[in-house]
Amino acid sequence: KSPVPQEEEAKFDFEAEGIEQGKVEARELLEPCKSLASMQIARDLRNDTTVQLSNILGSVPEETMEHCRKVAKAKEDGGDDDGSSED
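What you see is a predicted model; the values in this text were computed from it and never measured.

Please explain the overall build of the protein chain as it appears in this structure.
Along the protein chain, the regular secondary structure elements total two helices and zero strands. Counting every position in the protein chain, which comprises 87 residues, the buried fraction comes to 3%. Carbon and sulfur atoms form 54% of the exposed surface of the protein chain, whose accessible area is close to 8,700 Å².

Here's what the structure looks like:
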């Protein structure tokens, strides 16, 4: 079993950035977190859809894919061939 890498603690110098110590209201922290969470959810949904589509297409039998390629090629070449006839 490989060891879990330790995350380094991020250091931020608030004083050097001109940020004074003080009380933070919950809404001041919540609003940016909501925005980040919304972006993350949207990104995850896009990625999930892509992965699902890839998995579905990967499970299509090769002979079916080949048939689809033949039909697409025939349509590109201007024919109305539905690919139902055997070569």
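I'm lost on a nonpolar patch on the surface in this one. Help?
Together, Phe 12, Phe 14 and Ile 19 line one region of the surface with nonpolar side chains, adding up to about 310 Å² of accessible area. Its location among the elements puts Phe 12 in the segment before helix H1 (26-58). For Phe 12, a relative accessible area of 49% puts it in the partly exposed group.

Can you help me understand the packing of aromatic side chains in this one?
The description of an aromatic ring pair rests on the distance of the ring centres and on the angle between the ring planes. One pass over the full model with this rule turns up one aromatic pair. Note on Phe 12 and Phe 14: the rings are 4.7 Å apart at their centroids and 70° apart in plane angle, and the pair reads as edge-to-face.

So what exactly am I meant to see when it comes to the pattern of salt bridges here?
Two side chains of opposite charge can pair, provided their charged atoms sit close to one another. The final tally for this structure, using the stated rule, is five salt bridges. Overlapping salt bridges bring together Glu 62, Glu 66 and Arg 69 as one network.

So, how was this worked out
Residues numbered from 1 in each chain as written. Predicted model: local features only at pLDDT ≥ 70, side-chain atom pairs only at ≥ 80, totals over all residues. Heavy atoms only, no water. Helix = DSSP H or I, 4+ residues; strand = E, 2+ residues; numbered from the N terminus. Buried < 20%, exposed > 50% of the residue type's maximum accessible area, 1.4 Å probe, protein only. Areas by Shrake-Rupley, 256 points an atom, 1.4 Å probe, with all protein chains shown as cover. Patch = residues over 30% accessible without salt bridge, like charges linked within 9 Å, V, L, I, M, F, W, Y side chains within 5 Å. Salt bridge = Lys/Arg side-chain N within 4 Å of Asp/Glu carboxyl O. Phe/Tyr/Trp six-rings, centres within 6.5 Å; stacked < 30°, edge-to-face > 60°.

The values are spatial; any link to function lies outside them.
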